[in-house]
Amino acid sequence: MTTSADAPRLADTHLWPIEVTPNDALVPAGRRAEILANPGFGQHYTDHMVRATWTEGEGWHDAELVPYQPLTFDPATNFLHYGQAIFEGLKAYKHADGSIWLFRPLKNATRFNNSARRLAMAELPAELFIASIAALVSADRDWTPSGAEASLYLRPFMLGTERGLGVRPSREYQYLLIASPAGAYFSKGIHPVTVWLSDDYVRAAPGGTGEAKCAGNYAASLVAQAEAAQHGCDQVVWLDAAEHRWIEEMGGMNLYFVYGSGDQARIMTPSLTGALLPGVTRDSLLTVAQDLGIRAEEGRISVEEWKAGCASREITEVFACGTAAVVTPVGEVKSRMGNWTVGNGGAGEVTMRLRQALLDIQTGAVPDKHAWMHKIIDAD
Ligand SMILES: *Cc1c(COP(=O)(O)O)cnc(C)c1O
């Protein structure tokens, strides 16, 4: 097992024991091959899942890999009413030699616990987080697609599972992990998205849950996403809660602004004010940019500055980034302050260079000089 440069370090991630109950009704190999030929995103699930239980006094116990199956809960279960529900998203990549790797998984393990703390939930040891992924990817390794930009998407999540309608933190939690084969996010090539700047709705406010990857944030975002669609936009861009002026994020992705071009290009991403979700992709691109000789910084940008910057051509490109879609160009902006085009409305050169550089690390096409990759399955 390679160690990662990301704290916390794990001495041996296999330390957490996971009991295995194999599925005796696997998806037939022919059907699996059919799915893997065109997996889409989040539509198909593998043969197994992992679950573990936390109870007050006992802590985490009964970590097991079992056949993928429905969950059963009492109608008065905590999370169904009060929303103690958090999740993570990361991918397993199959390299050319057949080995399977994760990208900075300890970042996800740490963020999962930050989310847990914010929602007054039990924290999960990083050893269990990584061991659960290793167990599931190992059992379902044949579900890892190997095409360009394909991966096995992993969805760890945790629910407050105590029964009772009293409003207080649950005294029982279930941790679950499922996996879904994912193809290239853009099946028809990379298309810049059109965004709607949301004035009516905010995603997060200071002191709120914006930094946590909790289910409720997504529920609260859907009406704004629908409003964006009504304005003919693909995605919603969130502004700060106090002034509705400062750019925060796009949907479930962080944003980057590109200033200048060629040797003079530099990139800026909005600072983590507490209302933004600290993306692993966002953080990685700050470093990848520097590797490419592109100055990268955190800062802030207002709606007026975005509009004026595009008009003066000082802002040349804008892109969004996140695990699922990697890097997505933003071509067009619509808002109550007017509509404008970013650059020539297409996928910019800096955007595509950064995208490729990150993918090259994740897919093992270039040396992993930052020790970001974490091997979970050895070469064939
Ligand atoms: C998950 C998420 C991101 C992206 O995070 P990554 O770790 O890069 O996948 C950005 N914004 C929001 C709101 C998210 O939920």
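Owing to the predicted nature of the structure, the values given are computational and were not obtained by experimental measurement. (Residues numbered from 1 in each chain as written. Predicted model: local features only at pLDDT ≥ 70, side-chain atom pairs only at ≥ 80, totals over all residues. Heavy atoms only, no water.)

The immediate surroundings of the ligand are formed by 15 residues, with Lys213, Tyr218, Glu249, Thr281 and Thr323 found nearest. Glu249 is positioned with one of its side-chain polar atoms (N or O) 2.5 Å from a nitrogen atom of the ligand. Across the complex, the protein chains shield 96% of the 380 Å² of accessible surface that the ligand would expose by itself. Breaking the shell around the ligand down by element, the ones donating at least two residues are strand S12 (253-259) and helix H6 (280-291). Here the residues of the shell around the ligand are counted per class, giving 4 nonpolar, 7 polar and 4 charged. (Near = heavy atom within 4 Å. Polar contact = N/O pair within 3.5 Å; in protein donor to acceptor, adjacent residues only side chain to side chain. Areas by Shrake-Rupley, 256 points an atom, 1.4 Å probe, with all protein chains shown as cover. Helix = DSSP H or I, 4+ residues; strand = E, 2+ residues; numbered from the N terminus. Nonpolar A, V, L, I, M, F, W, Y, C, P; charged D, E, K, R; others polar.)

With 12 residues, H6 ought to run about 16 Å at 1.5 Å a step, and its terminal C-alpha atoms sit 17 Å apart, in line with that. Three or more residues of H6 are buried, namely Val280, Thr281, Arg282, Ser284, Leu285, Leu286, Val288 and Ala289. A positive phi of about 80° marks Gly293, the residue just after H6. (Expected span 1.5 Å × (residues − 1). Buried < 20%, exposed > 50% of the residue type's maximum accessible area, 1.4 Å probe, protein only.)

A word on the nonpolar core. Soluble, globular proteins show a tendency: their nonpolar side chains are buried together. Grouped together as the largest cluster of nonpolar side chains are 43 residues, with contacts concentrated most on Trp60, Phe129, Ile133, Val137 and Leu154. Top element by residues in this core is helix H4 (residues 126-139). It accounts for 10 residues. With 26 residues, the next largest nonpolar core counts Ala265, Val280, Ile294 and Trp372 among its residues. (Core = buried A, V, L, I, M, F, W, Y, C linked by side-chain atoms within 4.5 Å.)

Now for the packing of H6 against helix H8 (residues 349-362). For the pair H6 and H8, the least separation of the axes is 10 Å and the interaxial angle reads 105°. As the angle between them shows, H6 and H8 are arranged roughly perpendicular. Residues Thr281, Ser284, Leu285, Val288 and Ala289 of H6 form the contact with H8, whose own contacting residues are Leu354, Ala357, Leu358 and Ile361. Residue composition of the contact of H6 with H8, grouped by class: 7 nonpolar, 2 polar and no charged. (Axes fitted to C-alpha atoms, helices over the stretch in contact; angles between N-to-C directions. Parallel < 35°, antiparallel > 145°, perpendicular 65-115°, else oblique. Contact = heavy atoms within 4.5 Å.)

What follows is about the packing of aromatic side chains. Counted under the stated rule, the structure contains 11 aromatic pairs. Consider the rings of Phe87 and Tyr218, whose centres lie 5.4 Å apart with planes at 65°: the pair is edge-to-face. Here the residue Phe87 occupies a position in strand S4 (residues 85-87), and Tyr218 occupies one in helix H5 (residues 215-230), the gap between them amounting to 131 residues. Given a relative accessible area of 10%, Phe87 falls into the buried group. With a centroid separation of 5.1 Å and an interplanar angle of 15°, the aromatic rings of Tyr256 and Phe319 are classed as stacked. (Phe/Tyr/Trp six-rings, centres within 6.5 Å; stacked < 30°, edge-to-face > 60°.)

Compared with an ideal rise of 1.5 Å per residue, which puts 14 residues at 20 Å, H8 spans 20 Å between its outermost C-alpha atoms and is within 8% of the ideal. Among the residues making up H8, those that are buried are Val350, Thr351, Leu354, Arg355, Ala357, Leu358, Leu359, Ile361 and Gln362. Gly364, located one to two residues past H8, shows a positive phi value of around 80°.

This part is about the environment of Ser132. For Ser132, the position within the fold is in helix H4. The class for Ser132 is buried, based on a relative accessible area of 0%. Separated by 75 residues in the primary sequence, Ser132 and Gly57 have C-alpha atoms spaced 22 Å apart. The contact partners of Ser132, leaving out residues within four places of it in the chain, are Ile18, Val50, Tyr175 and Leu177.

The buried fraction of strand S10 (residues 235-239) amounts to 4 of the 5 residues, a majority that puts the element mostly inside the structure. One ladder, built from 3 bridges, connects strand S9 (residues 193-197) with S10; its direction is parallel. Within S10, the residue paired with Leu197 across the bridge is Val237. A crossover links S9 with its parallel partner S10, the connecting element being H5, and its sense is right-handed. Where S10 and strand S11 (residues 247-250) come together, 3 bridges link them in antiparallel fashion. Note that in S11 the partner of Val237 across the bridge is Met250. (Pairing = 2+ DSSP bridges. Right-handed = clockwise from strand over helix to strand, strands pointing away.)

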